[in-house]
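# Observations on chain architecture
Here is how the chains run, residue by residue.
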Amino acid sequence: MNYRVGRMANLRWILALMLGVSSLAAHAQEAEAYRISEPRLQMLTQAMQKQVTDGKLAGVATLVWQDGKTVHRQQTGYQNIEENQPLTEDTIYKIFSLTKPITGTALLMLYEEGKFQLDDPVEKYLPELKGLRVAVGEGANGQPETEAADHPITIRELMTHTAGFTYGRFSQSQVDELYVREDIQNIDTTLADMVAKLGRIPLRQQPGTQWHYSVAVDVQARLVEVMSGMAFDEFLQARIFTPLKMVDTGFYVPQEKQDRFAVSYTPDPEKGLLPYPNKPWLTKPRFLNGGGGLVSTMDDYLRFARMLLNEGELDGVRLLKPETVRMMRTNQLPEGVAGPDWAPGNLFGLNVAVVNEPEPAGYLPENTYWWWGIHGPWMWVDPSNQIIVLGMMQNTDYRHSRVVHGTASHILYRPAP
């Protein structure tokens, strides 16, 4: 579906009738961009309220940025059921993999400084990853049969999840079992420790042959440390969070802010919503998880998303050049390599998915780029229509979170029948 110039007049007339647009005459001219109408925003409010009323979610917050301002914002439900604390505008959330676009931004800032090229071999900067081998079949004693990698993994492959790494929990193979055995993301270790472990484990598949979700973004975080000479958290604070005035974003929640920290909940068919411990996020971690370690608020993440929508700049502060942001949101997968199999209609840029077929992608417009975290928070940046949609929730049932995402995208973007 094309949301830009060229929409048929009769379709605009039908949309005007169905979505309560007050003036048909205003739609007689060619529309410059798709606008999310007030009736659709009201439907979004009602659908999210139903999620809480039906006991599917403890709480959920949504925000829509359009025409240079917030046109929708709601908080429904609780940040802490047991203490009867409702969600507020400044609630702090575990954003998990919404960390990934931030890590990608950090690395691309160093790219702009000439620290590396995207097709540089990672081993040039992390020699622990030199000479990696690739699993080709199951072997004895839990060790896979291997062959040499046909080329060294590149930084572009790290940023497109095609480097050959895995996570150890989203697929089954002897390589995944080795990740579990090595406790690859042990919270009491460092990014450098993780990279050293990766150097001793075969790749799951040949580099550049398959999109496979992985610890590649943690490797990116280690690259930031090596290239900048700074600890990863210090780099993010100095170069991204402070300049963008993201005052509540970091790797843990300090004591004075813990009364604003949302609890995650696990749905149980018999016992309802069960709290998931917040304790790991209450003190500074040793492992600075570049793929999923940050906490943030709706306002903070909106500032980051607005920087991306503005092609690298916000309120006079520029983090990236426009051409770098455009590269980030352009498909970077090798020819013949598909995007995530669980996200039809999408290809992949640099640390973000990119919509190329709207209908299977939940009707998100073509070129929308996005990602989400495993406890449910999500970001959609729609550059064609200058729209940002954010959602925040703390739900451990990631399959249901994807249902919520699809519900929201259908409400906001699906064309009227």
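Residues numbered from 1 in each chain as written. Predicted model: local features only at pLDDT ≥ 70, side-chain atom pairs only at ≥ 80, totals over all residues. Heavy atoms only, no water.

This part takes up the pattern of salt bridges. Using the criterion set out here, one finds 17 salt bridges in the structure. As a salt-bridge pair, R239 and E113 come within 2.7 Å of each other at their nearest N and O atoms. Here R239, found in helix α8 (residues 232–244), pairs with E113, found in the loop between α3 (99–112) and β5 (133–137); they are 126 residues apart in sequence, far enough to count as distant. A relative accessible area of 27% means that R239 is categorised as partly exposed. Residue classification places E113 among the partly exposed positions, given a relative accessible area of 41%. Across the pair R329 and E311 runs a salt bridge, and its minimum N-O distance is 3.1 Å. Of this pair, R329 sits in the loop between α10 (322–328) and β12 (346–348) while E311 sits in the loop between α9 (298–309) and β10 (313–314), and the two are 18 residues apart along the sequence. Residue classification places R329 among the buried residues on the basis of a relative accessible area of 18%. Residues joined by salt bridges that share partners form a network here, namely D90, D248, K257 and R260. (Salt bridge = Lys/Arg side-chain N within 4 Å of Asp/Glu carboxyl O. Helix = DSSP H or I, 4+ residues; strand = E, 2+ residues; numbered from the N terminus. Buried < 20%, exposed > 50% of the residue type's maximum accessible area, 1.4 Å probe, protein only.)

Let's shift gears to the packing of aromatic side chains. A full pass over the atoms with the stated rule returns 20 aromatic pairs. Every member of this aromatic cluster is reached through a ring pair, and the members are Y167, F170, W211, Y213, W342, F348, W370, W371 and W372. Here the basic side chain of R169 rests over the ring of Y167, its NZ or CZ set 4.6 Å away from the ring centre. The ring of W372 has R402 lying over it, and the distance from NZ or CZ to the ring centre is 5.4 Å. (Phe/Tyr/Trp six-rings, centres within 6.5 Å; stacked < 30°, edge-to-face > 60°. Lys NZ or Arg CZ within 6 Å of the ring centre and 35° of its normal.)

Compared with the 22 Å implied by 1.5 Å per residue over 16 residues, the 22 Å span of helix α2 (residues 38–53) between its first and last C-alpha is a close match. Directly after α2, the chain includes G55, whose backbone phi takes a positive value near 75°. (Expected span 1.5 Å × (residues − 1).)

Tracing the backbone through its elements, the reader meets H400 in helix α11 (residues 398–413). For H400, a relative accessible area of 15% puts it in the buried group. Excluding residues within four positions of it along the chain, H400 makes contact with Q51, K56, L57 and N395. (Contact = heavy atoms within 4.5 Å.)

A few words on the sheet that holds strand β14 (residues 369–372). Spatial strand order, β3-β2-β1-β16-β15-β14-β13-β12: eight strands in an open sheet with antiparallel pairing. Two strands bound the open sheet, and with one partner strand each, they are β3 (85–86) and β12. With seven bridges joining them, strand β1 (residues 59–66) and strand β16 (residues 387–393) adopt antiparallel strand pairing. By the bridge assignment, T62 is partnered in β16 with G391. On top of the sheet, α2 reaches β1 and β2 (69–80); it is set at about 5° to β2, its chief contact. Together, β1, β14, β15 (378–382) and β16 form the strand contacts of α11, whose direction differs from that of β15 by roughly 30°. (Pairing = 2+ DSSP bridges. Axes fitted to C-alpha atoms, helices over the stretch in contact; angles between N-to-C directions.)

Given a rise of 1.5 Å per residue, 16 residues ought to cover 22 Å, and the 22 Å separating the end C-alpha atoms of α11 matches this to within 8%. Where α11 is buried, its residues contact α2, β1, β14, β15 and β16.

Here the focus is unusual backbone geometry. At H161, a position not held by glycine, the phi torsion is positive, near 55°. For H161, the position within the fold is in the loop between α4 (155–159) and α5 (174–182). One non-glycine residue, K245, adopts positive backbone phi at about 60°. Structurally, K245 is set in the loop between α8 and β7 (264–268). Residue K245 is classed as exposed on the basis of its relative accessible area, which comes to 59%.

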